[in-house]
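# Analysis of the macromolecular model
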Amino acid sequence: MVGSVTRSERGVLWSVAVLTFAAGFVAQFFAQGVILFLREAGVSSSIISLLYIAAIPYTLRFIWAPLIDRHALGGRGRFDRWIRLCCMALSCVLGSLWLFDPRDDAAQIILCVSLAMLVLGTLQTALGGLLIEGVSEPLYPKGASLQAAVSALAGMVLGGAVLFLIGPLGWGPVVLALLIVCVIVTATSIFLLNLDHRADGRAPERPKLWDQFSIFKIAQARRLLLVSLCVSAASVLPYATKSVLLIDAGFTVSQSGLIGIVAGNAVGFAGALALRPFVERLGGMRVLAGLAILNATVVFAMIILLSWGLSTVATVALILFANFSVFGAYTASRSVLMPLCEAGHQATHLASFVGVEAMCFLVIAGFAVSNLDHIGLTPLLLGGVTVSC
């Protein structure tokens, strides 16, 4: 059971929520919105595919994570300067993007995306360290579900209020809207948010610059990575390929955006919050095991519907459930992971685990997307169901 929340812990949770929303808002635009604008501008798919390379710095943040743990940059807390500098840097990158045109400046836009993903990776690493250090262990499930929920909420706002309503006005107004949000969050982080938390007691030992993978010396961390990959095997394919699946099912681009981004994130929001009580009562590993069984059952049922020719209904149901599963699994897995991160190594351990996990997911998703036309959806889904079981 979760005890009372102190004023300091409440401040940390609110701070992490606000900054995670902003980071998710911008990150989902880079992952989904930029592709739409470049494609609409007539940019070739070979150029657009460079966006996946531009995202690599986000997954490699474990390389410089020890620097975040070792150096507070003169801030009152261990992570506050890192967080505020990242917010300011992100505003500068968005300001640069606003000056470019997708029709003529695709290369410059992709370079800006790469820089932004580096900044976002650093920001998420510092936020993870702040959350682990700033709240007590019984609050970790609440913190994990909060991060997942506000990330989903950011996707809902991006899809509904930005891409759907402002998107028809063009690239400039959309980027300007993101820039305004980022500037507001930067000002909020400087003047209002509680980022100055310091751990009580003697200063813990800081990680060495080559300690990125020391988390995997812990047997529980190795088991968690294996379980996480198995749980997500059935859901990561429809989650990663939802845009392709919706278009193939006959939906328009705007309809696909409403289903995949707005409705999908709404269901993900529900999944993040719905599984938290189960994590608190049963533990994250048991919830992940139950989710693996649920994933396999639901995806197998969708395969049957697809075989009956109900492709539209099955596709929408499959994508919505995948969002529920992915965000719910985040809540459970992070609740298990955070207590394993040692004092003084929080950012390094978290970034290392998440980086390895993300690279594995990228390999799975890349294999699925590249073979979707050759192998077909059903065999790929069956393979995911088999691994989940």
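Fair warning: this is a prediction, and the values are worked out from it, not measured in the lab. (Residues numbered from 1 in each chain as written. Predicted model: local features only at pLDDT ≥ 70, side-chain atom pairs only at ≥ 80, totals over all residues. Heavy atoms only, no water.)

### Some thoughts on empty space enclosed by the protein
Counted by the stated rule, this structure contains one cavity of 30 Å³ or more. In this structure, the largest cavity encloses a volume near 50 Å³. Around the largest cavity, the lining residues are L19, A22, A23, C87, L90, L123, C182 and V185. Every element with two or more residues in the lining of the largest cavity is listed here: α1 (7-40), α6 (80-98) and α9 (171-191). Per element, the largest residue contribution to the lining of the largest cavity is three residues, and it comes from α1. Of the residues belonging to the lining of the largest cavity, the class tally is eight nonpolar, no polar and no charged. (1 Å grid on protein atoms, 1.4 Å probe; cavity = no way out; pocket = protein on both sides within 12 Å on 5 of 7 lines; lining within 4 Å. Points joined across faces, edges and corners; volume = space filled by probe spheres on them. Helix = DSSP H or I, 4+ residues; strand = E, 2+ residues; numbered from the N terminus. Nonpolar A, V, L, I, M, F, W, Y, C, P; charged D, E, K, R; others polar.)

### Considerations on a nonpolar patch on the surface
Together, L73, L85, M88, I190, F191 and L192 give the surface a local cluster of nonpolar side chains, amounting to about 620 Å² of exposed area. Secondary-structure elements contributing two or more residues to the nonpolar patch are α6 and α9. (Patch = residues over 30% accessible without salt bridge, like charges linked within 9 Å, V, L, I, M, F, W, Y side chains within 5 Å. Areas by Shrake-Rupley, 256 points an atom, 1.4 Å probe, with all protein chains shown as cover. Salt bridge = Lys/Arg side-chain N within 4 Å of Asp/Glu carboxyl O.)

### Some remarks on the pattern of salt bridges
With the rule as written, the count across this model stands at four salt bridges. Note that E280 and R276 form a salt bridge whose closest N and O atoms lie 3.1 Å from each other. Taken as a pair, E280 and R276 lie in helix α14 (residues 276-282) at a separation of four residues, close to a single helical turn. Given the relative accessible area of 25%, R276 is considered partly exposed. (Buried < 20%, exposed > 50% of the residue type's maximum accessible area, 1.4 Å probe, protein only.)

### With respect to the nonpolar core
Ranked by internal contacts, the top residues of the largest apolar core, which has 89 residues, are F29, F30, V34 and I83. What V34 contacts, discounting residues up to four positions off in sequence, is F29, L51, I109, V113 and W171. Within the second largest apolar cluster, 22 residues are counted, among which are L237, V298, L318 and L377. (Core = buried A, V, L, I, M, F, W, Y, C linked by side-chain atoms within 4.5 Å. Contact = heavy atoms within 4.5 Å.)

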